[in-house]
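# Summary of structural features
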Amino acid sequence: MDALLELRDLSVSFDTPRGRVHAVREVDLDVRPGECLGLVGESGSGKTQLLLAAFGLAERSAVIRGSARLGGEQLLGAGDRALESVRGARVGFVFQDPMASLTPHLSIGAQITEVLRVHRRMSASAARSRALELLERVRIGDPAQRLRQYPHELSGGMRQRAMLASALACEPDLLIADEPTTALDVTVQAGILELLRELKAAQRLAIVLVTHDFGVAGALCDRVAVMYAGAVVEQGGTPQLFAGAHHPYTRALLAALPRLSTPVDAPLASIGGSPPGPLETLTGCAYAPRCERADRRCLAERPKLAAFPASRLAACFRPYDA
Amino acid sequence: MSAGTLCAVQDVSVDYRVQVSPWAPARTLRAVREVSFELQAGETLGIVGESGCGKSTLVSVIAGLREPSAGKVFWRGADMSAQGAAQRRARRREIGLVFQDPAGSLDPRMRVAALVAEPLTLVGATRAEQERRVAAMLERVGLAGELGARFPHELSGGQCQRVAIARALVNDPSLLICDEPVSALDVSVQAQIVNLLRDLQRERGLAMLFVSHNLAVVRQVSARVLVMYLGREVELAARDELFATPRHPYTRELLAAAKMYT
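Residues numbered from 1 in each chain as written. Chains lettered and ligands numbered in written order. Predicted model: local features only at pLDDT ≥ 70, side-chain atom pairs only at ≥ 80, totals over all residues. Heavy atoms only, no water.

### Quick word on the overall build of chain B
- What chain B contains, in helices and strands, is nine helices and 10 strands.
- For 262 residues, the compact-globule formula gives about 18 Å, and the C-alpha radius of gyration of chain B, at 19 Å, lands near that figure.
- Projecting the C-alpha coordinates of chain B onto the three principal axes gives extents of approximately 50 × 50 × 45 Å.
- Classification of the 262 residues of chain B by burial places 51% in the buried group.
- Counting every atom, chain B has about 11,700 Å² of accessible surface; 50% of that belongs to carbon and sulfur.
- On chain B, the mean spot of the 32 positive side-chain charges and the mean spot of the 28 negative ones are 2 Å from each other. (Helix = DSSP H or I, 4+ residues; strand = E, 2+ residues; numbered from the N terminus. Rg over C-alpha atoms; globule rule 2.2 N^0.38 Å. Buried < 20%, exposed > 50% of the residue type's maximum accessible area, 1.4 Å probe, protein only. Areas by Shrake-Rupley, 256 points an atom, 1.4 Å probe, with all protein chains shown as cover. Lys, Arg positive; Asp, Glu negative; His and termini not counted. Charge placed at Lys NZ, Arg CZ, Asp CG, Glu CD.)

This is the structure:
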């Protein structure tokens, strides 16, 4: 099946007074229609920068190379007008902090209808009834009342639902959700994930879920791509990846995640050291200095993503068997 | 209260005055409602609940950073509200604090060694004594000695949290209060800090209050767990009992939500 979003060889770097920062290094990634891809990595791994760059939202100082296509259409280098019609209409965005993404002095209704009036040229009354419908779809209680309210009058979970309603206003094919539940309480988080799962099933909505939390990715995603130091190090179906990862970093990260079933008397598995700094030049595998399996080749040469059985990919010279 | 009781909280309530607008009359928000529990010396108690449930307010009362609006806090059997300034200072020295945002709780203008030494200056330790204890403490929390000359912004989040832990423990407190100490850290670093806190607690026989919204983390470091909801304690039980047979519906809901993705 053709990919909806196709990233090829995408690199993002920034020139700073202290040198060149490589935020994203040659990433290839496909998102197929209707699937949910989890982009998992620790802070600074480049997961957010990758998506910002693909949709023309990166800072002006960013140097972007490679290709990003949505439905076959090249996004990199496209004009502001073209990108504006893509964002909002064909791709919806939800970010971590709904309070920062919503405009504080506009009512929820005004913010959702604005999207519809700009992208769909709807009349004020048509936009209003559509906004009401959208709020019902994201399961906000008392939607008519919420339309008149301002962001500060809503709880965190409700704000995130309102954000979602506005992202879905123009029936996009793709939703980018960047840490959508990180700022929320666990019980509220469970509700938002449930809602995303329903929307995905009901509308064949493709979702890219950016998260630092393997648990959240496991609850929603069909496939997971793991990022480390700006590069994708492993990719595969969620159950397969959880059952047995090829890349030592994925294994270590999964082992470090405390679960309710983790034994309490043994120390938690942790990864020694820390990821390379953004200014470091990498000769070999970025994970090699922290990797217990690394050998000479790992330190000297950079592994590329290679195919493994069951349509999985891993960038490693000394991978584990699944 | 038994002889080994370090701290006892009796029917503690905390109110905040909330002024919604300059024109509206101020209202009272009861953040903590009639909470009671005892903490034995060397015991670990986890406090869980969602944002706004009053868990941070509760520990700030125990730390002496805030006065309860009602109820009493006893420290080694003595009523804290009846104590004078000198006794309060003495008690504060017995309590170490670690907060969520490691960079935000360290003075950005001070070097790491000075940050760790500061609590020692308050008890009048000599220069040589300070240097010796700071070096030992930095080593114990896993920081290389040369990091002592760095400023907080030159450290990673995990390193900053190690500095905060060193600072909290350098005066040999009997109680360590950790308020969401690993929530801002990446998973790989989070495990390192949890292990470090657990090791330090055991080798020093520290009592520990560990506040977190993450049940899986709390389970790792607490012998008993207190669950709070809307300012009230809804369940207090030994760890294994709480996780195996939660009695309160809210505890069950929390556990079910946590199980979804762990």
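### Topic: the overall build of chain A
- Looking only at helices and strands, chain A features 12 helices and 12 strands.
- Judged by the C-alpha coordinates and their principal axes, chain A covers about 65 × 50 × 40 Å.
- Long-range pairs, those at least 24 residues apart, make up 63% of the contacts in chain A between residues at least 6 apart in sequence.
- Of the roughly 14,200 Å² of accessible surface on chain A, a fraction of 50% belongs to carbon and sulfur atoms.
- Once the 37 positive and 35 negative side-chain charges of chain A are each reduced to a mean point, those two points are 2 Å apart. (Contact = heavy atoms within 4.5 Å.)

### Regarding the sheet that holds strand 8 (residues 207–212) of chain B
Residues and elements named next belong to chain B.
- Strand order in the open sheet made by the six strands is 6-7-8-3-9-10, with mixed pairing throughout. Since the sheet does not close on itself, it has two edges, and those belong to strand 6 (95–98) and strand 10 (232–238), each with one partner. Going across the sheet, the axis of each strand differs from the next one's by a mean of 15°, ignoring polarity.
- Sheet topology note: the strand 3 (residues 44–48)/strand 9 (residues 224–229) ladder contains four bridges and is parallel. If you follow Ile47 over to strand 9, its bridge partner there is Leu226. (Pairing = 2+ DSSP bridges. Axes fitted to C-alpha atoms, helices over the stretch in contact; angles between N-to-C directions.)

### A closer look at the packing of helix 3 (residues 112–122) of chain B against helix 5 (residues 157–169) of chain B
Residues and elements named next belong to chain B.
- Direction vectors running N to C along helix 3 and helix 5 enclose 25°, while the axes themselves pass 7 Å from each other. The pairing of helix 3 with helix 5 is recorded here as roughly parallel in orientation. Crossing of helix 3 against helix 5: the hand is right-handed. Residues Val112, Leu115, Val116, Glu118 and Pro119 of helix 3 pack against Val163, Ala166 and Arg167 of helix 5.
- Counted by class, the contact of helix 3 with helix 5 contains six nonpolar, no polar and two charged residues. (Parallel < 35°, antiparallel > 145°, perpendicular 65-115°, else oblique. Left-handed = near helix turned anticlockwise from the far one by under 90°. Nonpolar A, V, L, I, M, F, W, Y, C, P; charged D, E, K, R; others polar.)

### Concerning the nonpolar core
- Judged by nonpolar contacts, the single largest core of 120 residues is most densely connected at A:Leu164, A:Leu175, A:Phe214, B:Val116, B:Ile165 and B:Leu176.
- When residues of this core are assigned to their parent elements, the largest contribution, eight residues, is made by helix 6 (residues 187–204) of chain B.
- Contacts of A:Leu164, omitting those with residues within four sequence positions, involve A:Val94, A:Val138, A:Leu175, A:Leu195, A:Leu196 and A:Leu199. (Core = buried A, V, L, I, M, F, W, Y, C linked by side-chain atoms within 4.5 Å.)

### Describing the interface of chain A and chain B
- Between chain A and chain B, the residue contacts involve 34 residues of the former and 28 residues of the latter.
- Summing the contributions of chain A and of chain B, the shared interface buries around 2,700 Å²; its carbon and sulfur component is 57%.
- Per-residue buried area on chain A facing chain B is highest for A:Val186, A:Leu260 and A:Val264; these three make up 28% of the total on that side.
- For the interface between chain A and chain B, the tally reads 12 residue pairs in polar contact (both at pLDDT 80 or more).
- Residue assignment for the side of chain A that touches chain B shows that the elements contributing at least two residues are helix 8 (186–203), helix 9 (214–220) and helix 11 (248–256) of chain A.
- By residue number, the principal contributor to the side of chain A that touches chain B is helix 8 of chain A, which donates seven residues. (Buried area = accessible area lost by both parts, 1.4 Å probe. Polar contact = N/O pair within 3.5 Å; in protein donor to acceptor, adjacent residues only side chain to side chain.)

### A closer look at the pairing of strand 10 of chain B
Residues and elements named next belong to chain B.
- Across six bridges, strand 9 lies against strand 10 in antiparallel orientation. Following the sheet pairing, Arg224 is matched in strand 10 by Ala238.
- Here strand 9 folds back onto strand 10, and the loop between the two strands holds two residues, one of which, Leu230, carries a positive phi near 50°.

### Section: the sheet that holds strand 3 (residues 36–40) of chain A
Residues and elements named next belong to chain A.
- Across the sheet, eight strands lie side by side as 6-7-8-3-9-10-12-11; this open sheet has mixed pairing. Pairing within the sheet leaves two strands with one partner each, and these edge strands are strand 6 (91–94) and strand 11 (306–308). Neighbour-to-neighbour, the strand axes of the sheet open up by a mean angle of 20°, direction not taken into account.
- In this sheet, strand 8 (residues 206–211) lies alongside strand 7 (residues 174–178) in parallel orientation, the contact comprising five bridges. Looking across to strand 8, one finds that Leu175 is bridged to Ile207.
- Together, strand 3, strand 7, strand 8 and strand 9 (223–228) form the strand contacts of helix 1 (residues 47–54), whose direction differs from that of strand 8 by roughly 140°.
- Here helix 11 sits on the sheet in contact with strand 9 and strand 10 (231–237), set at roughly 100° to strand 9.

### Section: the packing of aromatic side chains
Residues and elements named next belong to chain A.
- Under the counting rule described, the total for this entry stands at seven aromatic pairs over all chains.
- Plain terms: the ring middles of Tyr228 and Tyr287 are 5.3 Å apart, the flat faces sit at 85° to each other, and that makes the pair edge-to-face. Taken as a pair, Tyr228 in strand 9 and Tyr287 in the loop between helix 11 and helix 12 (296–300) lie far apart in primary sequence, 59 residues in all.
- The rings of Phe55, Phe93 and Phe95 are connected pair by pair, giving a single aromatic cluster.
- Positioned above the aromatic ring of Tyr320, the side-chain terminus of Arg251 is 4.4 Å from the ring centre.
- Between Arg297 and the ring centre of Phe317, over which it is positioned, the NZ or CZ distance is 3.8 Å. (Phe/Tyr/Trp six-rings, centres within 6.5 Å; stacked < 30°, edge-to-face > 60°. Lys NZ or Arg CZ within 6 Å of the ring centre and 35° of its normal.)

### A look at helix 5 of chain B
Residues and elements named next belong to chain B.
- Along its 13 residues, helix 5 runs 19 Å from first to last C-alpha, staying within 8% of the 18 Å computed at 1.5 Å per residue.
- In terms of residue burial, helix 5 counts as a mostly covered element, since 10 of its 13 residues are buried.
- The set of residues buried in helix 5 consists of Gly158, Cys160, Gln161, Arg162, Val163, Ala164, Ile165, Ala166, Ala168 and Leu169.
- For helix 5, the elements touching its buried residues are strand 6, helix 3, helix 4 (127–140), strand 7 (175–179) and helix 6. (Expected span 1.5 Å × (residues − 1).)

### Overview of the confidence of the model for chain B
- Put simply, chain B has an average pLDDT of 91, and 99% of its residues get 70 or more.
- Across the interface, the model reports ipTM at 0.78; the global pTM reads 0.85. (pLDDT = per-residue confidence, 0-100.)

### Here's the deal with helix 6 of chain B
- End to end, helix 6 of chain B covers 26 Å across 18 residues, agreeing with the expected 26 Å (1.5 Å per residue, within 8%).
- With respect to burial, helix 6 of chain B is a largely interior element, 14 of its 18 residues being buried.

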